[in-house]
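# Architecture at a glance
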Amino acid sequence: MATQPNRPSDGNGSGRDSSSAPPPRGPARGPGRGPRIEKAKDVRGTLLRLFRYLGAFKWALAIVLVLVVLSSLLSLAGPVIMGRAIDDHVIHADLPGLWRMSLGMLGVYLGATLADIGVGVILARISQRAMQALRRDLFEHLQTLSLRFFDRQPHGELMSRLTNDIDAVNQVLAQQIPQLLSSVLTLVGIVVMMFALNVWLALASMIVLPAMTAFVGFIGKRTRGGFRQLQEQLGTLNGELEETYSGQRVIVAFGQQGSTFEKFQRANEAVRDTGIRAMSYALLVPPLMGVFSNANIAVLIGLGGWMALRGLATVGTIATFITYSRRFAGPLRQLGNLYNQVQSAIAGAERVFQVLDEQPEIEDGPDAIPLEAIEGHVVFDHADFAYVPGVQVLHDVCLEAMPGETIALVGPTGAGKTTVVNLLTRFYDLDGGAIRIDGHDIRDVRKADLRRRLGIVLQDNFLFADTVMENIRYGRLDASDEEVIAAAQLANADQFVLRLPQGYQTVLTERGANLSQGQRQLLAIARAILADPAILILDEATSSVDTRTEVHIQEALLKLMEGRTSFVIAHRLSTIREADQVLVINEGRLIERGTHEELLALGGFYHNLYMSQFRNQAVPETVG
């Protein structure tokens, strides 16, 4: 299924406020059309940033360079020894001398092989450590980014940057850098050796060099954009896979396997077509470079034979030149192939650095103050907010919650209730006005301190693929096992946990899929109890709990709210009745406020909402 941005749920889990539009996701494309081919924007800058990750391994890289030079020199010595063997020993039938030269060639090539092995081993360690640092920086930076960034980024796309793109970079660092260095050194060494042996034959060998160079440059320009587009479309494909996996229950429930497969096929075909185009250009290099190489050998044989007949060159020299000529095409071909792979790596690195260059929208200011123990006095002072510029979600909201008060937020779906608590937790920053806790503007205090003072139980809580014990302990990581169990008992989760196969040590599957929705909610409540917050936020906290279970946890929730400022969204009627204030929000505006009884007596929006929802019920249960 097409990946959609994560949207904050509001009210009854409907998603973002109905008045807000989803964030822009780039230019629209028709079915099966891929993104426009883009070239690397800053190749030099990307490479410099990439090489900074290798800066910690200067001495190891110096050893690699020495080994590459040694390998190249030994490889270059082989043809010279062969030429000397022909001129000095083969022509004169000197068998002992020929054996000595053969053993010399064997030693030379063995030494080159050992040097290559050393290069591979060292670079494997360097590249893995460098990529570990890059992955660490990317993951750490992702933790600092605001929720607005994740709203507009498909999860699969981000996963692709953490995996596919970094893997492309790793492949080049681990495998292609030594080949690149070796190819360059070999080319330079061959040219030097050729001119040292015979200037005229060397010049003849250079005839096809401009054509080879032009061809490599031509192909490289056309593969760069193709490989960048391929990386992008792989990210899109990963997004399709990730969302399909996450939404499999919905897909099956609505019988949409066919349409889901069609969407996957379109993304898969786009990757295929782009891959074919990119690789088609890349695969032109080997055969055409072979043509250039063979043409060069033909020139050398013709000119070399003519010079040998006139005594201007020896047979061994000609054989050496032919060997060098074949070797000359090899590095050029490798450079052509490496160029394509390097372009793919640069495209991947650019995508990684794009995320690293994202600036968090919500950061602690240089003068941010710590938020110590608080009483829980909360004030919204003319708060305005929009998820998307120009589409207002909250309009001039003013409210005050005294320490220990329970504030109920009710209203129709999409009215802006969850947006209020999203702003209180500073998941987003206000566009206008201020929010104060105990007189401190929340933008002036440390985010970490603010969120430690808040406890949140959402409608759709996330559980990790870990034990029950560790999932509850996530509320306070330094809590003892006894404190975790006590929190679970207070949330009335202890009974069902003890019935699990390994009790508190039972490992949950991803998102707690091996528990019922109600059981997941009980664990989330236990997690909030363990955190012991000064301000409590319950966003549809018991909406997924059946009435019988709700009776069991209601007392625990009321105890949890004692002495704490609590914001309750669309909670059960029993909690609404107990609320010190009921705030009615509609279309982002606070239109009514008062107690449950006062608002019913007022006969306004709250009264109509209450009566329309429960007109046919003997015993009303919920509001909002």
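Preceding this paragraph is the structure being described.
An account of the accompanying structure is given in this report. On a predicted model such as this, the values are computed, not experimentally measured, just so you know.

A word on the pairing of strand β8 (residues 565–569). Most of β8 sits inside the fold, with five of its five residues counted as buried. Residues of β8 alternate between two faces, with T565, F567 and I569 on one and S566 and V568 on the opposite face, all of them buried. Summarising the sheet, strand β3 (residues 406–410) and β8 pair through four bridges and their orientation is parallel. Counterpart to A408 in the pairing with β8 is V568.

On inspection of all chains with the given rule, the structure shows 12 salt bridges. A cluster of three or more residues bridged by salt bridges with shared partners is formed by E470, R473 and D481.

This paragraph deals with the packing of helix α15 (residues 481–490) against helix α17 (residues 517–531). Running from N to C, α15 and α17 point in directions that differ by 125 degrees, and their axes come no closer than 8 Å. The orientation of α15 with respect to α17, classified from their angle, is oblique. Where α15 crosses over α17, the two elements pack in a sense that is right-handed. Contacts from E483, V484, A487, A488 and L490 of α15 reach α17 at A526, I529 and L530. Class assignment of the residues belonging to the contact of α15 with α17 gives a composition of seven nonpolar, no polar and one charged.

It is worth spelling out the packing of aromatic side chains at this point. Evaluated as defined, the whole model comprises four aromatic pairs. Judged by centre distance (5.1 Å) and plane angle (85 degrees), the rings of Y387 and Y428 are edge-to-face. Taken together, the residues span a long stretch of sequence, with Y387 in the loop between β1 (378–385) and β2 (394–401) and Y428 in the loop between α12 (417–424) and β4 (432–437) at a distance of 41 residues. In this pair, the class of Y387 matches that of Y428, namely buried. Ring pairing ties together the aromatic residues F385, Y387 and Y428, which thus form one cluster.

Okay, the nonpolar core next. By size, the foremost hydrophobic cluster in this structure holds 36 residues, and its most contacted members are V378, F380, L409, L424, I437, I535 and F567. Elements supplying a minimum of two residues to this core: β1, β2, β3, α12, β4, β7 (535–539), β8 and β9 (581–586).

We now examine the environment of I301. Position of I301 relative to the elements: it lies in helix α10 (residues 285–309). What makes I301 partly exposed here is its relative accessible area of 48%.

By rolling a water-sized probe across the atoms, one finds the places where empty space is left. All chains considered together, the criterion is met by one cavity of 30 Å³ or more. Around the largest cavity, the lining residues are L423, R426, Y428, D429, L430, I435, D441, I442 and R443. Of the residues in the lining of the largest cavity, the class split is five nonpolar, no polar and four charged.

Strand order in the open sheet formed by six strands is β6-β7-β8-β3-β9-β10, and the pairing between neighbours is mixed. Among the strands making up the open sheet, the edge pair consists of β6 (454–457) and β10 (589–594). Neighbour-to-neighbour, the strand axes of this sheet turn through a mean angle of 20 degrees, independent of strand direction. Seen against the sheet, α12 touches β3, β6, β7, β8 and β9 and runs at an angle of roughly 145 degrees to β8.

Further remarks concern unusual backbone geometry. Positive phi outside glycine occurs at D532, with the angle close to 50 degrees. The residue D532 is located in the loop between α17 and β7 in this model. A relative accessible area of 51% means that D532 is categorised as exposed. Of note, the phi angle at E587 is positive, near 55 degrees, even though the residue is not glycine. By secondary structure assignment, the location of E587 is in the loop between β9 and β10. Looking at E587, the relative accessible area reads 61%, which means it is exposed.

Thresholds applied
- Residues numbered from 1 in each chain as written.
- Predicted model: local features only at pLDDT ≥ 70, side-chain atom pairs only at ≥ 80, totals over all residues.
- Heavy atoms only, no water.
- Buried < 20%, exposed > 50% of the residue type's maximum accessible area, 1.4 Å probe, protein only.
- Helix = DSSP H or I, 4+ residues; strand = E, 2+ residues; numbered from the N terminus.
- Pairing = 2+ DSSP bridges.
- Salt bridge = Lys/Arg side-chain N within 4 Å of Asp/Glu carboxyl O.
- Axes fitted to C-alpha atoms, helices over the stretch in contact; angles between N-to-C directions.
- Parallel < 35°, antiparallel > 145°, perpendicular 65-115°, else oblique.
- Left-handed = near helix turned anticlockwise from the far one by under 90°.
- Contact = heavy atoms within 4.5 Å.
- Nonpolar A, V, L, I, M, F, W, Y, C, P; charged D, E, K, R; others polar.
- Phe/Tyr/Trp six-rings, centres within 6.5 Å; stacked < 30°, edge-to-face > 60°.
- Core = buried A, V, L, I, M, F, W, Y, C linked by side-chain atoms within 4.5 Å.
- 1 Å grid on protein atoms, 1.4 Å probe; cavity = no way out; pocket = protein on both sides within 12 Å on 5 of 7 lines; lining within 4 Å.
- Points joined across faces, edges and corners; volume = space filled by probe spheres on them.

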